[in-house]
Amino acid sequence: MAEKKYILLTHGGAGSKNEYQDGARRAADVGVESIKSGASVMDVVCRAVAVLEDDSRFNAGVGSHPRADGSVEMDAAVMDSSGHFGAVAAIPGVKNPIHVAHAVTRTEYKVLAGQGAAQFAKKAGFQPLAAGQVTARGVDFSTGESSTDTVGCVAFDGKNFAAGLSTGGIRGAIPGRVGDVPLIGCGLYAGPAGAVAATGNGETIAMHLTAIRAYQMIERGDAPEKVLEEVLHWFHPVDDAFGLILVNRDGYAGGCNRTMAWSVVWEEK
Ligand code: ASP
């Protein structure tokens, strides 16, 4: 397959409804516009993820699902193929955790958590999110419908790769619970050969070191579709929701063992 001019994929999380596809597509379009405007690949994925964080049908940003005590805490991370990584864990009170994670890449730290992360975001002037502004409307909580979901993006801009993720976590988890999203090599990974972003049961994703192992398969030359097929086998469809998007220089794959809204935009060289 020939190398592409660019490839960008977005997802709305394992368990997100297929009818929310338009949201994933809108985020992908914003990402592609950013590539065309010459933004860095890390900016590209952050802008696309922020569109999904602002869409309350998805479990991230304003759509974040509540913890067991009704509070909202979010995880987000971003990584590029030049080795920049930044993440926030269990951060309360910010509208776009992905932008805070991006800001962490410019510090001496890799992960900021909890109140410390919130203070960092406030000091840097990021837009706050009051508890009353959270309006998760992706699932009907009254039916006991299960909810995981994370939003994500992977991009190749013709030169570099990046991956970004953001989530409200698993609904009903205890405050302080942190999933795979801000753990490097678990929820996401990007390197010179490609980028990977996962979604689903964070504990299982982390125990499999999912993203780094998927990346290593890309690195050794496996086609994205083959990597996806193999990684899907690590997750039991009944116990563990799981979805993945991944990209290399000339191809991509996306899929899930549940429903998942996802989108891809690419152009031939
Ligand atoms: N992986 C996320 C978490 O465990 C949730 C999800 O992607 O569905 O926090």
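In what follows, the accompanying structure is described. What you see is a predicted model, and the numbers here were worked out from it, not measured in a lab.

Some thoughts on the nonpolar core
Thought 1: Within the largest apolar cluster, 44 residues are counted, with the highest numbers of intra-cluster contacts made by L8, V78, V88 and I91.
Thought 2: Looking at this core, the elements with two or more residues in it are β1 (4-11), α1 (21-36), α2 (41-53), β2 (74-80), β3 (85-91), α3 (97-104), α4 (114-123) and β5 (151-156).
Thought 3: It is α2 that contributes the most residues to this core, 10 residues altogether.
Thought 4: Counting residues in each nonpolar core, the second largest holds 20 residues, with M79, F85, L165 and V247 among its members.

Examining helix α6 (residues 210-219)
At 3.6 residues per turn, the α-helix brings residues three or four places apart onto the same side.
Thought 1: T210, A211, A214, Y215, M217 and I218 are the residues of α6 that are buried. Summarising the axial view, the buried residues of α6 lie within an arc of 155°, below the 170-degree limit, and thus occupy one face.
Thought 2: The secondary structure elements touched by the buried residues of α6 are β7 (188-191), β8 (194-200), α5 (202-207), α7 (224-232) and β9 (242-247).
Thought 3: G221, located one to two residues past α6, shows a positive phi value of around 105°.

Remarks on the pattern of salt bridges
Thought 1: The final tally for this structure, using the stated rule, is 12 salt bridges.
Thought 2: Across the salt bridge formed by E3 and K269, the nearest N and O atoms sit 3.5 Å from each other. With E3 in the segment before β1 and K269 in the segment after β11 (262-268), this pair connects stretches of sequence that are 266 residues apart.
Thought 3: Overall, E3 belongs to the partly exposed group, its relative accessible area being 29%.
Thought 4: Here D22 makes a salt bridge to R57, at a shortest N to O gap of 3.1 Å. Remark: R57 occurs in the loop between α2 and β2 and D22 occurs in helix α1; sequence separation between them is 35 residues.

Comments concerning the sheet that holds β9
Where strands meet in a sheet, backbone hydrogen bonds hold them as pairs that are either parallel or antiparallel.
Thought 1: Read across the sheet, 4 strands follow the order β7-β8-β9-β10 without closing on themselves; strand pairing throughout is antiparallel. Looking at strand neighbours, the two that pair on one side only are β7 and β10 (252-256), the edges of this open sheet. Ignoring which end each strand starts from, the neighbouring axes of this sheet average 5° apart.
Thought 2: The strands touched by α7 are β9 and β10; relative to β10, the strand with the most contacts, the crossing angle is about 25°.

Thoughts on unusual backbone geometry
Thought 1: The phi angle at A90 is positive, at roughly 50°, despite the residue not being glycine.
Thought 2: Take A90: it is sitting in strand β3.
Thought 3: When its relative accessible area of 9% is taken as the criterion, A90 is described as buried.

Some details on the sheet that holds strand β4 (residues 111-113)
Thought 1: Taking strand neighbours across the sheet as the criterion, the 7 strands line up as β4-β3-β2-β6-β5-β1-β11 in an open arrangement whose pairing is mixed. The sheet is open, and its two edges are formed by β4 and β11, each paired on a single side. Going from strand to strand, the sheet's axes swing by 5° on average, the running direction of each strand aside.
Thought 2: Note: β3 against β4, 3 bridges, orientation parallel. Opposite V88, over in β4, you have L112 as the bridge partner.
Thought 3: Running at roughly 35° to β11, α1 makes contact with β1, β5 and β11 of the sheet.

Quick look at the site of the ligand
Thought 1: Close to the ligand lie 11 residues; D149, T150, D180, T199 and G200 are nearest.
Thought 2: Measuring from an oxygen atom of the ligand, one finds a side-chain N or O atom of T150 at 2.5 Å.
Thought 3: G200 is positioned with one of its backbone polar atoms (N or O) 2.7 Å from a nitrogen atom of the ligand.
Thought 4: Coverage of the ligand by the protein chains reaches 100% of its 270 Å² of free accessible surface.

Comments concerning the packing of α6 against α7
Thought 1: Here α6 crosses α7 at 145°, and the two axes come no closer than 9 Å. Crossing of α6 against α7: the hand is right-handed. Here T210, A214, M217 and I218 of α6 come into contact with α7, specifically with V227, E230 and V231.
Thought 2: When its residues are assigned to classes, the contact of α6 with α7 shows 5 nonpolar, 1 polar and 1 charged.

Concerning the packing of α2 against α3
Thought 1: As a packed pair, α2 and α3 sit with axes 8 Å apart at the nearest point and diverge in direction by 155°. The pairing of α2 with α3 is recorded here as roughly antiparallel in orientation. Residues M42, D43, C46, V49, A50 and E53 of α2 form the contact with α3, whose own contacting residues are P97, I98, H99 and H102.
Thought 2: Here the contact of α2 with α3 is built from residues that sort into 6 nonpolar, 2 polar and 2 charged.

Rules used throughout
- Residues numbered from 1 in each chain as written.
- Predicted model: local features only at pLDDT ≥ 70, side-chain atom pairs only at ≥ 80, totals over all residues.
- Heavy atoms only, no water.
- Core = buried A, V, L, I, M, F, W, Y, C linked by side-chain atoms within 4.5 Å.
- Buried < 20%, exposed > 50% of the residue type's maximum accessible area, 1.4 Å probe, protein only.
- Helix = DSSP H or I, 4+ residues; strand = E, 2+ residues; numbered from the N terminus.
- Arc of directions from axis to C-beta.
- Contact = heavy atoms within 4.5 Å.
- Salt bridge = Lys/Arg side-chain N within 4 Å of Asp/Glu carboxyl O.
- Pairing = 2+ DSSP bridges.
- Axes fitted to C-alpha atoms, helices over the stretch in contact; angles between N-to-C directions.
- Near = heavy atom within 4 Å.
- Polar contact = N/O pair within 3.5 Å; in protein donor to acceptor, adjacent residues only side chain to side chain.
- Areas by Shrake-Rupley, 256 points an atom, 1.4 Å probe, with all protein chains shown as cover.
- Left-handed = near helix turned anticlockwise from the far one by under 90°.
- Nonpolar A, V, L, I, M, F, W, Y, C, P; charged D, E, K, R; others polar.
- Parallel < 35°, antiparallel > 145°, perpendicular 65-115°, else oblique.

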